[in-house]
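Take a look at the letters that make up each chain.
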Amino acid sequence: MNFDHGIIRSLLACSALLATTAHAAAAPLPHLFAERWIDGTQAEEPVVQIQALDADTFVIRQSVKTNFEAPFLYLLFGRDKALLLDTGAKDGRIRPAVDRLVAEWLAAHGRSDIPLIVAHSHSHGDHVAGDAAFRERPNTTVVGLKAEEVASFFGVAKWPDQIVRYDLGGRALSIIPTPGHQAAAIMVYDPRLRILLSGDTIYPGRLYVPVNFLADNRASIDRVAGFAARHPIRALLGAHIEMTNKPGQDYPHEAATHPDEHPLELPVETIAELRTGLKAPLDQPGQPQVHDRFIITPVPARPQ
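The shown structure was predicted, so the numbers you read here are calculated from the model rather than taken from an experiment.

Turning our attention to the overall build of the protein. Helix and strand counts for the protein stand at 7 helices and 16 strands. Here the C-alpha atoms of the protein give a radius of gyration of 18 Å, agreeing with the 19 Å that 2.2 N^0.38 yields for 304 residues. For the C-alpha atoms alone, the extent of the protein along its principal axes is close to 60 × 50 × 35 Å. For the protein, the share of sequence-separated contacts (at least 6 apart) that also reach a separation of at least 24 residues comes to 65%.

Shown next as structure tokens:
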């Protein structure tokens, strides 16, 4: 997210009066996780929570008690290397959790090491704050934060129009450029689990789009929709939860607790719903478009 807090507070203050509401027949929610996510409502909670999707795939949530952004991070293992998507927000303690998961995976496979690639769903501060801890980590590569650095690392010759394959070793992912929310944004598709890691571009929350980059965002969602038409997607997994389980109702900005959260998982139909919503003008900051499971939130023009 990582938008100016004063601007966001002003936007949210007037949203109740100015928001337009879009209703669509709700597709069933997928269900991937056995446990309820930490949400700040208990007196004590760990600084991170980890849930496994399989023996090679882990979802990490940073506690809202450490940072109101409470982002989700993803660690995927292949035969030859592992990919960590995002390093968390300020005051997170992500590296110890990742080191433990890597050590446990290595022990289970009778190995001593595996290269770790640290990439990002996009380059806002709440997704890259832990980078410094990984730059000093042995056998670890931290991908740069500029669009050209992301394109160069993953071999995207025609950014943002080209979708490329990135193989972890027996686990070939698709890297989908999705500038709009932020210039270096990507989504990552895993065909093994049929999940699309959708960052801040699609998640159950406020989808912030600078008004000067609406065209980029629309083009990115068109690209994702085209990809989804050709690939089976069980669920979208984004980088935050900002919606409650009441349709169209989000939490206040910087909320310290998230009682009754919406699930992290979104159905693939969300892509089409967002694509349709983005066809509206959306050129006035402070006039969100409210959907049951997300809110398209235009924000003032900003450099990327």
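Within the largest apolar cluster, 32 residues are counted, with the highest numbers of intra-cluster contacts made by Tyr74, Phe154, Leu197, Leu237 and Leu264. Top contributing element to this core by residue count: helix H5 (residues 147-154), with 4 residues. With near-sequence residues (within four places) excluded, phenylalanine 154 lies in contact with Ala119, Val164, Tyr166, Ile175 and Ile186. Counting residues in hydrophobic clusters, the runner-up holds 25 residues, among them Tyr189, Leu207, Phe227 and Leu266.

Now for the environment of isoleucine 221. Within the secondary structure, isoleucine 221 sits in helix H6 (residues 214-230). Sequence spacing of isoleucine 221 and threonine 201 is 20 residues, and the spatial spacing of their C-alpha atoms is 8.6 Å. When neighbours within four sequence positions are excluded, isoleucine 221 is seen to be in contact with Thr201, Ile202, Ile271, Leu274, Arg275 and Leu278.

What follows deals with the pairing of strand S5 (residues 82-85). Side chains Ala82 and Leu84 of S5 all project onto a buried face; the interleaved residues Leu83 and Leu85 project onto the opposite face, where all are buried too. Here 4 bridges tie strand S4 (residues 72-77) to S5, and the two strands are oriented antiparallel to one another. Bridge pairing in S5 links leucine 75 to leucine 84.

Turning next to the sheet that holds strand S14 (residues 265-266). Taken together, the 6 strands give an open sheet; going across it, the order is S8-S9-S10-S11-S13-S14, and neighbouring strands pair in mixed fashion. Unpaired on one side and paired on the other, strand S8 (164-167) and S14 mark the two borders of the sheet. Relative to strand S11 (residues 195-199), strand S10 (residues 186-190) runs antiparallel, the two sharing 3 bridges. Bridging from a neighbouring strand, valine 188 pairs with leucine 197 of S11. Strands in contact with H6 are strand S9 (172-177), S10 and S11; relative to S9, the strand with the most contacts, it is inclined by about 150 degrees.

By the secondary structure assignment, glutamine 289 is in strand S15 (residues 289-290). Given a relative accessible area of 8%, glutamine 289 falls into the buried group. Of the polar contacts made by the side chain of glutamine 289, one reaches the backbone oxygen of glycine 277; its length is 3.0 Å. A distance of 2.5 Å separates a polar atom in the side chain of glutamine 289 from a polar atom in the side chain of histidine 291.

With that settled, the discussion passes to the pattern of salt bridges. All chains considered together, the criterion is met by 16 salt bridges. Here arginine 137 ties to aspartate 99 by a salt bridge, and the two come within 2.7 Å at their closest N and O atoms. Here arginine 137, found in the loop between helix H4 (131-135) and strand S7 (140-142), pairs with aspartate 99, found in helix H2 (residues 94-108); they are 38 residues apart in sequence, far enough to count as distant. The class for arginine 137 is buried, based on a relative accessible area of 11%. Judged by relative accessible area, which is 24%, aspartate 99 ranks as partly exposed. Among the salt bridges present, the one from arginine 206 reaches glutamate 242, with a minimum N-O distance of 3.8 Å. You can see arginine 206 sitting in strand S12 (residues 206-210) and its partner glutamate 242 sitting in the loop between strand S13 (235-238) and S14, a full 36 residues away along the chain. Taken individually, arginine 206 and glutamate 242 each receive the classification buried, so the pair is uniform in this respect. Each member of the salt-bridge network shares a partner with another, and the members are Arg95, Asp99, Glu136 and Arg137.

Conventions and cut-offs
- Residues numbered from 1 in each chain as written.
- Predicted model: local features only at pLDDT ≥ 70, side-chain atom pairs only at ≥ 80, totals over all residues.
- Heavy atoms only, no water.
- Helix = DSSP H or I, 4+ residues; strand = E, 2+ residues; numbered from the N terminus.
- Rg over C-alpha atoms; globule rule 2.2 N^0.38 Å.
- Contact = heavy atoms within 4.5 Å.
- Core = buried A, V, L, I, M, F, W, Y, C linked by side-chain atoms within 4.5 Å.
- Buried < 20%, exposed > 50% of the residue type's maximum accessible area, 1.4 Å probe, protein only.
- Pairing = 2+ DSSP bridges.
- Axes fitted to C-alpha atoms, helices over the stretch in contact; angles between N-to-C directions.
- Polar contact = N/O pair within 3.5 Å; in protein donor to acceptor, adjacent residues only side chain to side chain.
- Salt bridge = Lys/Arg side-chain N within 4 Å of Asp/Glu carboxyl O.

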